[in-house]
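Structural overview for review
This is what each chain is made of:
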Amino acid sequence: MELRGRICVVTGASSGIGRATAERLARRGNTVVAVARREEKLRALVAAIADAAPGSFALAGDVSERGFAERVVAETVARCGRVDVLVHNAATPLHKHALRVSPDEVEATLRTNFLSAVWSTSAALPHMLRAGRGAIVNVSSFAALVVPPREGAYAASKAALCAWSEGLWSDLAGSGIHVALVHPGPIDTEIWEKRQEQSGYRGRRWPARAVADAIVRAVERRQHEVVVPGRNPGLVAARWMRRLAPGLLRFGMGRMDPVPTGVFDEARGRTDPDRR
Ligand SMILES: NC(=O)c1ccc[n+]([C@@H]2O[C@H](COP(=O)([O-])OP(=O)(O)OC[C@H]3O[C@@H](n4cnc5c(N)ncnc54)[C@H](OP(=O)(O)O)[C@@H]3O)[C@@H](O)[C@H]2O)c1
């Protein structure tokens with residue numbers, strides 16, 4: 001699908017990869033529907049892209065609420081007549097040791113990072129099928145491929161998105177609708193400041209525009225799965241180790257980010273003395 005003159009919904013457009021993707025799509029003459037919670041940031045984005053993409057608009061709300069995730073599609077169709085591209089990029093980090101993470105945090109992460117994409121996909125598919133074409137880009141994470149310490153719940157939300165996307169590859173075969181899965185590695189955005197606990201990773205971070213470019217390429221070239229940055233020796237080695245030497249990978253992860261001191265004692269302290 002040539003990305004020009006299309007109606008493109010981008011979730012998480014108020015910062016980082018989402019904003020870079022919205023700008024990239026707008027520069028190519030597509031109409032952008034910018035979705036996130038921080039309305040003032042969305043308005044600033046829409047103003048910045050107004051010359052290149054004059055019909056673009058903001059929809060402020062919380063994608064972890066099913067009603068809003070579905071309304072994004074309904075309002076786009078009502079205002080633009082169709083939806084051509086859905087970029088599911090909004091996500092929350094959950095970087096916390098498994099013994100400190102609460103059930104509510106895990107549930108909220110799954111709603112934002114996984115279920116929101118399912119809800120808006122289900123709302124958009126009938127419209128895309130009627131048009132006979134469409135593209136859905138699900139922004140996952142390298143963490144879904146090789147799970148770092150303290151990222152179990154976050155990685156699970158992204159792994160669910162991967163499995164859902166793979167299912168769509170089969171279920172939408174012959175429909176004209178393309179589904180792409182993009183796995184960013186370490187990218188320099190504000191997500192790192194939102195992490196609940198410190199990260200053991202001290203390496204390089206790539207610019208958000210690298211992922212925006214990959215998203216555009218994945219739609220235009222009908223690529224199914226892309227890692228950004230591609231062919232990075234560190235990421236390639238981690239994936240091979242996961243397959244061929246998982247014990248070595250676990251050892252390396254443990255060295256990079258050892259179990260925090262006192263975390264087991266903290267958890268033991270939460271047991272009910274009456275039940276001991
Ligand atoms: N940066 C990395 O190293 C990295 C690595 C792997 C994967 N990723 C993935 O790349 C995507 C973009 O992340 P980023 O790095 O660009 O982070 P970011 O700058 O923190 O962007 C996250 C975006 O999601 C929006 N968002 C979060 N919760 C939302 C909710 N409940 N409802 C609506 N919007 C919500 C945020 O906007 P509001 O706060 O305004 O709602 C923001 O626009 C995410 O899927 C992330 O998991 C990033």
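This text gives an overview of the structure that appears in the document. Please read these numbers as outputs of a predicted model, since none were measured by experiment.

1. Remarks on the site of the ligand
Around the ligand, the structure places 30 residues, and the nearest of them are Arg-37, Asp-62, Tyr-154, Thr-189 and Lys-194. Between the ligand and Gly-12 there is a distance of 3.0 Å, counted from an oxygen atom to a backbone nitrogen or oxygen. Interatomic distance of 2.8 Å between a side-chain N/O atom of Arg-38 and an oxygen atom of the ligand. Within the complex, the protein chains bury 96% of what would otherwise be the 880 Å² of accessible surface of the ligand.

2. Description of the environment of Val-32
Examined against the element boundaries, Val-32 turns out to sit in strand β2 (residues 31–36). With relative accessibility at 0%, the residue Val-32 sits in the buried group. Along the sequence, Val-32 and Cys-8 sit 24 residues apart, while their C-alpha atoms lie 5.0 Å from each other. With near-sequence residues (within four places) excluded, Val-32 lies in contact with Cys-8, Val-10, Ala-22, Leu-25, Ala-26, Ile-49, Ser-56 and Phe-57.

3. Description of unusual backbone geometry
With an omega of 0 degrees, the peptide bond running from Val-228 to Pro-229 counts as cis. With respect to the secondary-structure elements, Pro-229 resides in the loop between β7 (225–228) and α7 (233–244). Its identity as a non-glycine residue notwithstanding, Arg-222 has a phi of 50 degrees, on the positive side. Note on placement: Arg-222 falls in the loop between α6 (208–220) and β7. Given the relative accessible area of 42%, Arg-222 is considered partly exposed.

Parameters and conventions
Residues numbered from 1 in each chain as written. Predicted model: local features only at pLDDT ≥ 70, side-chain atom pairs only at ≥ 80, totals over all residues. Heavy atoms only, no water. Near = heavy atom within 4 Å. Polar contact = N/O pair within 3.5 Å; in protein donor to acceptor, adjacent residues only side chain to side chain. Areas by Shrake-Rupley, 256 points an atom, 1.4 Å probe, with all protein chains shown as cover. Helix = DSSP H or I, 4+ residues; strand = E, 2+ residues; numbered from the N terminus. Buried < 20%, exposed > 50% of the residue type's maximum accessible area, 1.4 Å probe, protein only. Contact = heavy atoms within 4.5 Å.

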